[in-house]
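Read off the chains here:
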Amino acid sequence: MPFVKVQKSRAYFSRYQVKFRRRREGKTDYRQRKRLCAQDKNKYQSPKYRLVVRFSNTKVTCQIAYAMIDGDRILCQASSSELPRYGLSVGLKNYAAAYCTGLLVARRLLQKVGLDEVYEGNTEVDGNVVSTEYDKKKYYVDQVDDDKRPFRALLDVGTKATTTGCRIFGAMKGAADGGLDVPHSEKRFPGYDRDTKEYDADMHRERIFGGHVSEYMEYLEEEDNQKYQEHFASYIKNEVAADGLEELYESVHEKIREDPSPSEKNDFEPDKSFKRKAKLSYDERKARVQGKKDAKKAELAADDDE
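Residues numbered from 1 in each chain as written. Predicted model: local features only at pLDDT ≥ 70, side-chain atom pairs only at ≥ 80, totals over all residues. Heavy atoms only, no water.

Draft legend 1. Examining the state of the cysteines more closely. This structure, assessed with the given rule, holds zero disulfides. Cys62 carries a free sulfur, and the closest cysteine sulfur to it, the one in Cys76, is 10.0 Å from it. With a relative accessible area of 0%, Cys62 lands in the buried category. (Disulfide = S-S within 2.5 Å. Buried < 20%, exposed > 50% of the residue type's maximum accessible area, 1.4 Å probe, protein only.)

Here it is, written out as C-alpha cells:
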C-alpha cells in the first residue's frame, strides 16, 4: 500500500471545536451527566438528585448533589474518614466501608429533610434488593408512605468502570438500605452469575460484613505470617481480629443509625506566633549585595597573600 499523506486543510481547522475542559482531562462523562441531570420540563425546575460515589487513595466519599445552571450544589455528604467516630478505624476503602459510608449519607440526608422516621430502610442486612409497587410506580424501599414519597437519588459513578462486585455498588446498597430510593438491580452485586443469571444474596451479605477480608486474614496468618504482619499492621495495632469483623460492622451500622449527624466543626485558629520578615528597601538590598561583594574580595585577597 503506498504512503498517503494525511492532508488537513484550513477548512478542517477552522471548523474544529475544542472539547470541554473536563472531557479533555478525562474527568467527566458528559453523555452520562446529561441523562442524570436533564429533567422533564413539566416538572418545573425540580432537580434530579444524584448519589455521587468517589474513591480516593485512602477513603470513600458519598454526596447527594443536584445540578444548577452555574454548577452543582451538594445537599449532603459523608466520608469514610468519619467512620472512626462509629468505631471503624481500619479498612476505610474496602467494600464494607463503602457500604457504611452509603448508609451514613442516606441516614444523614433523611434526617436533614425530615424523613428519617418515615423511611428507616432495611435494618436486617440480607443482600436482597428491596422494592415495592405503589400507584403504578416502582420504588426501591420497603414501604411507601401515603403522605410523603421516598427521596429518590440516581447513582453517579463518574468515569469508573461498573464491573460486577465493584465497591461503588457497596455504597449504593448502603444508601438503599439506609432508606433512599435508588433504582438498581442485583446484576452488578457480588454473588450474581451472568451465565446462569442467578443471584447469591448470602455472598453479597458476606461481602458487606467484610467476610472476604477476614478470610484473607486467616489465610495469610497461616500461610505467610510475615506478610500478614506487614499487610494487616493497622488491624493488629487496633486489635481487630479476623473472627470479630462481622460484629464490628454490625455495631458500626447500629451507631450510624443512632446518630448520623455530622460532627461539629472546629474553629480554625491560625498560628499568630509567626511573623513575616520586613521587606528590605532598595538601598538596604544594594548595601547587602555590596557587603557580600566586599567579603568575597577580602577572601580572595587573603588567598593571594598566602
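Draft legend 2. Highlighting the pattern of salt bridges. In this structure the tally under the stated criterion is 13 salt bridges. In this structure, the salt-bridge partner of Asp70 is Arg73, at a minimum N-O distance of 3.0 Å. Residue Arg73 is classed as partly exposed on the basis of its relative accessible area, which comes to 30%. Two residues, Glu246 and Arg205, come together in a salt bridge whose shortest N-O distance is 3.3 Å. Of this pair, Glu246 sits in helix H10 (residues 245-258) while Arg205 sits in helix H6 (residues 201-208), and the two are 41 residues apart along the sequence. Through salt bridges with shared partners, a single ionic network connects Arg33, Arg50, Arg54, Asp72 and Asp156. (Salt bridge = Lys/Arg side-chain N within 4 Å of Asp/Glu carboxyl O. Helix = DSSP H or I, 4+ residues; strand = E, 2+ residues; numbered from the N terminus.)

Draft legend 3. Up close: the nonpolar core. Of all hydrophobic cores here, the largest spans 58 residues; its most connected members are Leu51, Ile64 and Leu180. Elements supplying a minimum of two residues to this core: strand E1 (50-55), strand E2 (60-68), strand E3 (71-79), helix H4 (95-113), helix H5 (167-177), helix H7 (211-223) and H10. Looking at which element gives the most residues to this core, the answer is H4, with twelve residues. (Core = buried A, V, L, I, M, F, W, Y, C linked by side-chain atoms within 4.5 Å.)

Draft legend 4. Layout of the pairing of E2. Direction of pairing for E1 relative to E2: antiparallel, over a ladder of six bridges. Looking at the pairing, Leu51 lines up with Ile64 of E2. Pairing geometry for E2 and E3, over eight bridges, is antiparallel. Pairing of Ala67 across the sheet is with Asp72, part of E3. What sits between E2 and E3 in their antiparallel hairpin is a turn of two residues. (Pairing = 2+ DSSP bridges.)

Draft legend 5. Fine view of unusual backbone geometry. Phi at Asp135 is positive, roughly 55 degrees, even though this residue is not glycine. Among the structural elements, Asp135 can be located in the loop between strand E4 (132-134) and strand E5 (137-139). We classify Asp135 as exposed; its relative accessible area is 59%. A positive phi is found at Lys136, a non-glycine position, where the angle reads about 65 degrees. Tracing the backbone through its elements, the reader meets Lys136 in the loop between E4 and E5. Its relative accessible area of 85% is what places Lys136 among the exposed residues.

Draft legend 6. Here's a closer look at the sheet that holds E2. Across the sheet, which stays open at both edges, the four strands sit in the order E3-E2-E1-E6 with mixed pairing between neighbours. Edge strands, defined here as strands with exactly one partner in the open sheet, are E3 and strand E6 (154-156). Sheet twist, expressed as the average angle between the axes of neighbouring strands with direction ignored, equals 30 degrees. Relative to E6, E1 is paired through three bridges, and the arrangement is parallel. In the sheet register, Leu51 faces E6, and the bridge partner there is Leu155. Seen against the sheet, H5 touches E1, E2 and E6 and runs at an angle of roughly 140 degrees to E1. (Axes fitted to C-alpha atoms, helices over the stretch in contact; angles between N-to-C directions. Contact = heavy atoms within 4.5 Å.)

Draft legend 7. Structural view of the confidence of the model for the protein. Per-residue confidence for the protein gives a mean pLDDT of 93; residues scoring 70 or more make up 100%. The secondary-structure element of the protein with the lowest mean pLDDT is helix H1 (residues 10-14), recorded at 90, while E6 shows the highest, at 97. (pLDDT = per-residue confidence, 0-100.)

Draft legend 8. Geometry of the packing of H4 against H6. At their nearest, the axes of H4 and H6 sit 7 Å apart, and the two run at 85 degrees to each other. Judged by the angle between their axes, H4 and H6 are roughly perpendicular. Where H4 abuts H6, its residues Tyr95, Ala96 and Tyr99 lie against His204, Arg207 and Ile208. Each residue belonging to the contact of H4 with H6 can be placed in one class, and the counts come to four nonpolar, one polar and one charged. (Parallel < 35°, antiparallel > 145°, perpendicular 65-115°, else oblique. Nonpolar A, V, L, I, M, F, W, Y, C, P; charged D, E, K, R; others polar.)

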